[in-house]
Amino acid sequence: MVGAHLGSMETNVDEIAKRFDRYPNFAVDTAARVPYFMLQPRDKVRAFLIKYQDRVLYGTDLEFMQQGKIEDTLKEWKSTYERDWKYFATNQSVEYKGHQVQGLQLPEPVLHKFFHDNAVRWIPGIAGKAK
């Protein structure tokens, strides 16, 4: 089972960790909740993501609306992905709504799981079949 939006426990990684420890078949995605990580203590979030590196999937709530402008939508997607990548992959400063936070600089193997492998593992059929 994958709980959307950090399992609706986005304000405290300790709460998510309790569920992970209790339910080994539970994972979460980050859809639209990355900023909640940014507002929690950096070291706590980093340690959480490393410890539970097999249980957290990167996701967004980005969408394309038919009445929307393609250029505006692509600009929003690019901006979101750039911000999120910078936050998870580097130790550079990231700004979110007036808050400056230091990136997590997660190890490469953790990043690979977070951005790819965990989705393939937890969401059946997402990888497709090789032809």
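Look up a bit, the structure's there.
Below is a short write-up of the structure. (Residues numbered from 1 in each chain as written. Predicted model: local features only at pLDDT ≥ 70, side-chain atom pairs only at ≥ 80, totals over all residues. Heavy atoms only, no water.)

## Observations regarding the environment of E76
Here is the rule: Under the DSSP-based scheme used, a helix requires at least four consecutive residues in state H or I and a strand at least two consecutive residues in state E, with every element numbered from the N terminus. Burial here depends on accessible area, computed with a 1.4 Å probe over protein chains only, as a share of the maximum for the residue type. Under 20% is buried, over 50% is exposed, and the range in between is partly exposed.
Within the fold, E76 resides in helix α5 (residues 70-89). For E76, a relative accessible area of 45% puts it in the partly exposed group.

## Some details on the packing of aromatic side chains
For clarity, the cut-off: The rule is short: rings of Phe, Tyr and Trp, with Trp giving its six-membered ring, pair when the centres are within 6.5 Å, and they are stacked under 30 degrees, edge-to-face over 60, tilted in between.
As enumerated under the stated definition, the model contains 14 aromatic pairs in all. Judged by centre distance (5.0 Å) and plane angle (65°), the ring pair of Y87 and F88 falls under edge-to-face. The residues Y87 and F88 share a single accessibility class, namely buried. On the numbers, 4.9 Å between centres and 80° between planes, the contact of F114 with F115 is edge-to-face. For F115, a relative accessible area of 28% translates into the label partly exposed.

## Brief notes about unusual backbone geometry
A positive phi angle, close to 60°, is found at S8, a residue other than glycine. Note that S8 resides in the loop between α1 (4-7) and α2 (13-22). Backbone geometry places A32, a non-glycine residue, at a positive phi of 60°. Structurally, A32 can be placed in the loop between β2 (27-29) and α3 (34-38).

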